[in-house]
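Letter by letter, the chains look like this.
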Amino acid sequence: MNKFSWYEAKSVEDAVKQVNNTVSEELYLPSGKAAIFKSGGIDVLDLVKEGLIQPKTIVNVRNIPGLNKISFDDNGLRIGANVTLAEIEGNEAVKTRYAALHEAVAHAATPQLRNMSTIAGNLAQRTRCWYFRSSDHPCFRKGGDKCFAKHSETGQNENHAILENDRCVSVYASSVATALLAYQGSVMITNGKMESRQVPLSEFFVAPDQDVSRENILEPNDLITEISVPAPDMNTKSYYSKQVQRASYDWSMADVAIVAQMNGDTCEKITITLGAAAPIPIRAYEAEKIVLNKKINEERATRAAKVAMENAKPLSKNSYKLPLFESIIKQGLLEIA
Amino acid sequence: MEKRKEIFPFGIPGHNLSEIEREIPNDEPPAWPVNDQLKEVGKRVNRIDARAKVTGEAKYTSDMKLSGMLYAKFLRSNIPHGSITSIDTSEAEKVPGVHGIHIITKNKEDGMVGNEYPEIKYVGQPIAGVAAESLSIAKDAVAMIKIEYDPKSFVIDLEEAMLPDAPLVFKEPIQRQEDGGDVGVVHDGSKGQGNLRGPTTSSFYGGPRGDLEKGFAEADVMVENTYRTQVHTHMPLETHGVVIDWKPEEMLVYASTQNTAGVRNELANYFELPKSQVRVICDFMGGGFGAKHSAGSFGPMAAILSKKTKRPVWLMIDRKEEHLAEGNRPSSIQTLKIGAKRDGTLTAIQQKSHGTAGVALGAGVGRIAQILYDCPNFKTEQYDVLTHAGPGAAWRAPGNVQGAFGVEQAIDELAEKLKMDPLALRDKIDKSEVRKVERSRGAELFGWSNRKPAGSASGIIKKGMGVAQSCWPRFVTLNSSIEVRILNDGSVEVRGSVQDIGTGTKTILAQVVAEELGLKTTDITVRIGDTLFPDGPGSGGSVVTQSITPPARNAAYEAKMKLFNQIATKWETEASKLEAVDGFIIHKDDRSKKIPFKEALRGMRTSQISVTASRSNDYGGFQQPWGLAYGDLGSVQFAEVSVNTNTGFVKVDRVVAAHSCGRPLNMSQLESQVNGGVIQGISYALYENRVMDKGTGHFMNANVDQYKVPYSMEIPEIEVIIVEEYGALSSTDAYGIGEPANIATAVAIANAVYNAIGVRIYEIPITPASILKALNKIYE
Amino acid sequence: MSNEITISVNGKSETHTVEGRELLVDFLRERLSLTGTHVGCDTSSCGACTIHMNGQAVKSCSILAAQADGAEVTTIEGLASNGALHPLQEGFNEEHGLQCGFCTPGIIMTAADFLQNNSNPTEHEIREALEGNFCRCTGYHNIVKSIQYAAKKMNA
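Cut-offs and rules
Residues numbered from 1 in each chain as written. Chains lettered and ligands numbered in written order. Predicted model: local features only at pLDDT ≥ 70, side-chain atom pairs only at ≥ 80, totals over all residues. Helix = DSSP H or I, 4+ residues; strand = E, 2+ residues; numbered from the N terminus. Rg over C-alpha atoms; globule rule 2.2 N^0.38 Å. Buried ≥ 20, exposed ≤ 12 C-beta atoms within 10 Å, placed from the backbone. Contact = placed C-beta atoms within 7 Å. Nonpolar A, V, L, I, M, F, W, Y, C, P; charged D, E, K, R; others polar. Domains from an automatic or database assignment. Pairing = 2+ DSSP bridges. Axes fitted to C-alpha atoms, helices over the stretch in contact; angles between N-to-C directions.

### Re the overall build of chain C
Link 1 in the chain: Scanning chain C from N- to C-terminus turns up 5 helices and 5 strands.
Link 2 in the chain: Put simply, chain C runs from its N terminus to its C terminus through helices and strands in the order β-β-α-β-β-β-α-α-α-α.
Link 3 in the chain: Here the C-alpha radius of gyration of chain C, 15 Å, is about what a compact globule of 156 residues would show, namely 15 Å.
Link 4 in the chain: For chain C, the C-alpha atoms occupy an extent of roughly 45 × 30 × 25 Å along the three principal directions.

### Describing unusual backbone geometry
Link 1 in the chain: Note that the residue after Gly198(B), namely Pro199(B), is joined by a cis bond; omega there is 10°.
Link 2 in the chain: In this structure, Pro625(B) follows Gln624(B) across a cis peptide bond, with omega equal to 10°.
Link 3 in the chain: Along the polypeptide, Pro625(B) turns up in the loop between β26 (608-614) and β27 (635-644).
Link 4 in the chain: Within the chain, Asn82(C) stands out as a residue other than glycine whose phi angle is a positive 50°.
Link 5 in the chain: By the secondary structure assignment, Asn82(C) is in the loop between β5 (72-74) and α2 (87-94).
Link 6 in the chain: On the basis of neighbour counts, which here come to 4 C-beta atoms within 10 Å, the residue Asn82(C) falls in the exposed class.

### So, the interface of chain C and chain B
Link 1 in the chain: The partner chain B presents 43 residues to the 42 residues of chain C that form the contact.
Link 2 in the chain: Elements represented by at least two residues in the side of chain C that touches chain B include exactly α2, α3 (104-117), α4 (123-129) and α5 (141-155) of chain C.
Link 3 in the chain: Element by element, the count of residues in the side of chain C that touches chain B is highest for α2(C), at 4 residues.
Link 4 in the chain: When the residues that make up the side of chain C that touches chain B are grouped by side-chain class, the tally is 17 nonpolar, 17 polar and 8 charged.

### Here's the deal with the domain arrangement of chain C
Residue and element names in this part refer to chain C.
Link 1 in the chain: Each assigned domain of chain C is listed with its residue range as follows: domain 1 (2-76) and domain 2 (87-155).
Link 2 in the chain: When each unit is reduced to the centre of its C-alpha atoms, the spacing between domain 1 and domain 2 is 22 Å.
Link 3 in the chain: Contacts between the two partners involve 14 residues from domain 1 and, on the opposite side, 11 residues from domain 2.
Link 4 in the chain: Of all the secondary structure elements, the ones that give two or more residues to the side of domain 1 that touches domain 2 are β3 (50-53) and β4 (56-59).
Link 5 in the chain: Among the elements that take part in the side of domain 1 that touches domain 2, β3 stands out by supplying 3 residues, more than any other.
Link 6 in the chain: Of the residues assigned to the side of domain 1 that touches domain 2, the class counts are 6 nonpolar, 8 polar and no charged.

### Section: the domain arrangement of chain B
Often, the extent of an interface is quoted as the loss of accessible area upon association of its parts.
Residues and elements named next belong to chain B.
Link 1 in the chain: The assigned domain composition of chain B is domain 1 (33-56 + 477-614), domain 2 (64-154 + 240-316), domain 3 (168-234 + 328-406) and domain 4 (432-474 + 627-774).
Link 2 in the chain: With 23 residues of domain 3 at the contact, the number on the domain 4 side is 26 residues.
Link 3 in the chain: For the side of domain 3 that touches domain 4, the element with the most residues is strand β9 (residues 221-229), which contributes 5 residues.
Link 4 in the chain: Tallied by class, the residues present in the side of domain 3 that touches domain 4 amount to 11 nonpolar, 10 polar and 2 charged.

### With respect to the interface of chain A and chain B
Link 1 in the chain: Each partner contributes residues to the interface: chain A has 24 residues there, and chain B has 29 residues.
Link 2 in the chain: For the side of chain A that touches chain B, a count of residues per class yields 10 nonpolar, 10 polar and 4 charged.

### Considerations on the sheet that holds β4(C)
Residue and element names in this part refer to chain C.
Link 1 in the chain: Read across the open sheet, the 5 strands follow the order β2-β1-β5-β3-β4; overall the sheet is mixed. Looking at the sheet topology across the chains shown, the edges are occupied by β2 (12-19) and β4. Ignoring strand direction, the axes of neighbouring strands in this sheet form an average angle of 40°.
Link 2 in the chain: Its contacts with the sheet put α3 on β3 and β4, and the angle it makes with β3 is roughly 40°.

Written out as structure tokens, the structure reads:
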């Protein structure tokens, strides 16, 4: 790790004034003068340890008062930016009303890391693509001129994207994001002028074809202060499944979240989201259409699952992801039916 | 040496236990009865070093702190092949806190420049080292060394390396090359073309036998297939490293090693020092699994930096370096052709293999095909393929784990073709008595009779059962000595250079000595892992128990007899009339005549009795011409798996592992060893895989995060059966179990996966992707 | 680049001036010589460096010392009280829950946090709790038994 100074932010205002860059920008165009945020700090430290970023200052936002509360009322769930994954996992409202979110959080990382990792940090973490994580591989996301993983003969891309993978083929690291997107959550962001704005998660993530240097919209002085999730209808059913090579602590090979409002066995509203399928968590809109306002049965579930993979362009080593996604989308739909 | 005759237990209790008369050296103790009649040996004794480990008091090499100590860090190559054109350390030298920099040159003397740098042959090859006041400073300085390369084309992939126009790893024949770890066989690097070396066709079990063509002509049924295994790394939780203080009178080395005496010899040889002036210590050691026999490049580097700076130097490598440069199990591509008669009798086995240990040799597939089953016609050709990747190293049962993956699947396939139960076929072709018992006891505990035909399971999640066998030679290191000291306060000390790498060597030594002296295991102090004491074996090849426990018992016996002689004089009797039991020395003919062990020592003429004993030849002699002990260390392992046919997820539900190791010394420690072997087998079968980028030659998952190893949730119920087997071959008649525990698991799982889904998978690791592919679920 | 921090470690207040980049695990091992906390991977994956910070199990290789300013830290060395082993330490001894022992302190610290919140766990729950601790030697089997031993003893 390079030498950096440590700044303990006392308030949101204090924090946004201190910070002048994002991790993404620092990776893409190193300034040598960056002051960046850290909360739980796991991902930032990993990047600093590998020498991918060399911040001048790390601004700790973990102890800012007021960002560590989690509450639930008729308007929904509000999770302060510094609430840990362990606290979300243990929250009664999350357990009972947001089962898919609970499942996703409970299977993120390990108990020790869930004690440290905050929800905002989890959403803002960078991809685990092993080329991205290697300082010896200057890929698109780091200002380089290629995607090493995509190469059909030399690329090691078994964990990589099958959808929206024309340029960068990394997949988003957070599986909690898959669930939050399915619940149509949003992110409250405060900027350097102390202006706050609420951004739906569907607009928070940035695909590589829009801007390969980043994975989210956060600007240098932007600080996430809160995540909010609408209150689910009483008829809401949800599903989350993360497929991994091993059951203990593992990154997702394919994860699917489904949140649906059911009237009997008819689906009146639905979101189906896919993680580890594309560079950002995505909604399977076409698949949703197959079951929307219909009864979910074996045949429709099968068709929806197929449609979700219709545009997939598997790489040299990850075509197994197609049947994998299909099988869990189908299973999820049948489970909520 | 005069000899006498003794009657020993012989055979397997509950099966064929009998007695046998052996001639033994006069200074060795009488035969022990079977374990049932012993007090400390064979029991579930707690580890004598556990307290230090659970409290954090145990000091590992990485925990050492010497006064004035510096911390060192390597600079390593980040290209796979090329030459170094320049190295500029001027900026690094200016970093405050940096005390010494050493650049590795072809000539080991310092100060060479220009083209004298060794050619770079893999990513992660050490180039230079920096010693500084803290590890952070050393890392800062390493980052400031400017290095320029002339890169050359390279080859990572085993099959591509065999092509005629592949970039060459070594242009010259390799005279002597670090052995990638095919234990017992030195691979010949002088033969072969291009990147190919070999073939190795013989081993200590001899060369080819019989007539293959005739054998295949006689066969009614044939199996012929190709099996592939991956490269996997050792990943001991403590990385490789040393702390070295090169003082004028002695080079003091703390090393995380499996072989203190070996590291001492290596460093003494490298620096042309007398062995008496190099002392290597390893008290607690955080795992090795075969990779930690050598001083590596870190040993000489730390020594040179210590000499330069005149200060102790700490040099532990980090996890990434460990993956890149400090050993791996070579890959293999093996073709096997096996012929058999209708009744199962094998008529011929032909084996051909290619494997890569990167820039090292030793990528063979072991002896399983040659010796596990009776077969008159046999031939093997085992080739090393050199690639631009980190060197292989011995890895728990080197060669045999790869070899078993082919052989034991082929035997399973043969059984199916013959319409025989896989166990029944093995009963027919395996002449080992102990494996027969292991098969029968294992099958009963496992419930083998519930096994269903392959692919017949219904539902999405299919269960399957598989079995596989293994064998491992009984190696004995005759150059194994140990000292037992009985002090005049009644305390007892065992001293040797043999190290405990976590298997429990300290505890079994204490048990054996305690048994001989009629004391408790906890009464014995064990100081080992220090070359100040008599040389013991390296902890590899499962040699330690059979090499070091007999001399430990013999030394304790001799020390005891010296004590008895003194007491016998006082009691006006003969030493042979005395015995040591339950903390007392007792007159056998008049049991009222007894004295506590501690009291008996008070009147000693000197303050201690000290005896050093060395391993003698096996009582029954050794097999000739190879010089191995008789018998082998066999196992039969059974696995049950669940395969989700929708997602390809495989879970091992249960393993029953039936093993033998002569006389078991500590049942709990043996079970731990077998459990450990089984998890590594599961890991090999389902998870681990070194992922190399063919475009850049980099090892992409050189971490703990994406290099997949099993954690708690992956581990099934493991039931261990230890079959006692007495061979009357030494004073303890006990053997190690480390290697055998690791051989059969992966292939038992492969056989179980086949049984579950009805499609055989010929390549490990078996992943969700390979299951979905086997089930034809992948479309483009 | 330096900060003065005060951390209570095993009940003792420790004030030191640290660089921003100093990791908590290095603070414990290098400054305080508490070498029972081990480094296995340095990247938050293996769990060998697990300690308690403010009562919770965390990986000390992924926390900066500065970040722990004001915290209460317990390491393996602080687990036994007045020379009496913690039931978990006893359990790992009695049930052979270790071989080389390098992962043991981290696993014991993880288990100690876990048992505070679940005093009567099932085997499955224990295995889930251990998913962030890597053991290469001993098969986890006896580790689970060691934790069961401790749970039983703590409930008695």
